[in-house]
Amino acid sequence: VDPSTLSQRERDNRMTNQIGANMWRTCNPAYDARSMNTTSVTKAEFTYDPEDIEPVDKTHFRRRDNFTFYVEAAAKSHNLAKASAKEASAE
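Predicted model, so just to flag it, every value in this text is computed and none were measured.

## Brief notes about the overall build of the protein
Phase 1: When helices and strands are tallied, the protein shows three helices and zero strands.
Phase 2: Counting helices and strands in the order they occur from the N terminus, the protein gives α-α-α.
Phase 3: Taken as a whole, the protein presents about 9,000 Å² of accessible surface, with 56% of it coming from carbon and sulfur.

What follows is the structure, encoded as structure tokens:
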């Protein structure tokens, strides 16, 4: 099909399909059958390198705020109500 005979929408769709296929080709694991390569593309690209790991900044890690206080109070209240109901049913 001659590209000059296609409508703008059809040209856009073809271009988008080509972009999508090329984009996903590099991030999905695949084997190159032409070279009989048995290592996937993903495994070759994402290898473990200890120098790439950055130290974790925990300044905002699990910081207590009003919501955590509320959840803890609600859980404590629920557990107390459950325990008192269990005691009442045992008597």
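That shown, we press on.
## Comments concerning a nonpolar patch on the surface
Phase 1: Together, Phe67, Tyr70 and Val71 make up an exposed nonpolar region whose accessible area comes to about 360 Å².
Phase 2: By secondary structure assignment, the location of Tyr70 is in helix H3 (residues 66-90).

## Notes on the packing of aromatic side chains
Phase 1: According to the stated counting rule, one finds zero aromatic pairs in the structure shown.
Phase 2: One cation-aromatic arrangement involves Lys58 over Phe61; the distance from NZ or CZ to the ring centre is 5.1 Å.

## Quick look at the pattern of salt bridges
When charged atoms on two side chains of opposite charge get close, those side chains can pair.
Phase 1: On inspection of all chains with the given rule, the structure shows one salt bridge.
Phase 2: Of the charged contacts, one joins Glu72 and Arg64 as a salt bridge, the two residues approaching to 2.8 Å between their closest N and O atoms.
Phase 3: On the basis of relative accessible area, Glu72 is assigned to the partly exposed category, the value being 40%.
Phase 4: On the basis of relative accessibility, which here comes to 48%, the residue Arg64 falls in the partly exposed class.

## Observations regarding unusual backbone geometry
Phase 1: The backbone of Arg62 sits at a positive phi, close to 50°, despite the residue not being glycine.
Phase 2: By the secondary structure assignment, Arg62 is in the loop between helix H2 (41-45) and H3.
Phase 3: With a relative accessible area of 73%, Arg62 lands in the exposed category.

## Focus: a negative patch on the surface
Phase 1: Taken together, the side chains of Asp49, Glu51, Asp52 and Glu54 make up a negatively charged region of the molecular surface.
Phase 2: Structurally, Glu54 is set in the loop between H2 and H3.
Phase 3: Its relative accessible area of 65% is what places Glu54 among the exposed residues.

Cut-off values and rules
Residues numbered from 1 in each chain as written. Predicted model: local features only at pLDDT ≥ 70, side-chain atom pairs only at ≥ 80, totals over all residues. Heavy atoms only, no water. Helix = DSSP H or I, 4+ residues; strand = E, 2+ residues; numbered from the N terminus. Areas by Shrake-Rupley, 256 points an atom, 1.4 Å probe, with all protein chains shown as cover. Patch = residues over 30% accessible without salt bridge, like charges linked within 9 Å, V, L, I, M, F, W, Y side chains within 5 Å. Salt bridge = Lys/Arg side-chain N within 4 Å of Asp/Glu carboxyl O. Phe/Tyr/Trp six-rings, centres within 6.5 Å; stacked < 30°, edge-to-face > 60°. Lys NZ or Arg CZ within 6 Å of the ring centre and 35° of its normal. Buried < 20%, exposed > 50% of the residue type's maximum accessible area, 1.4 Å probe, protein only. Lys, Arg positive; Asp, Glu negative; His and termini not counted. Charge placed at Lys NZ, Arg CZ, Asp CG, Glu CD.

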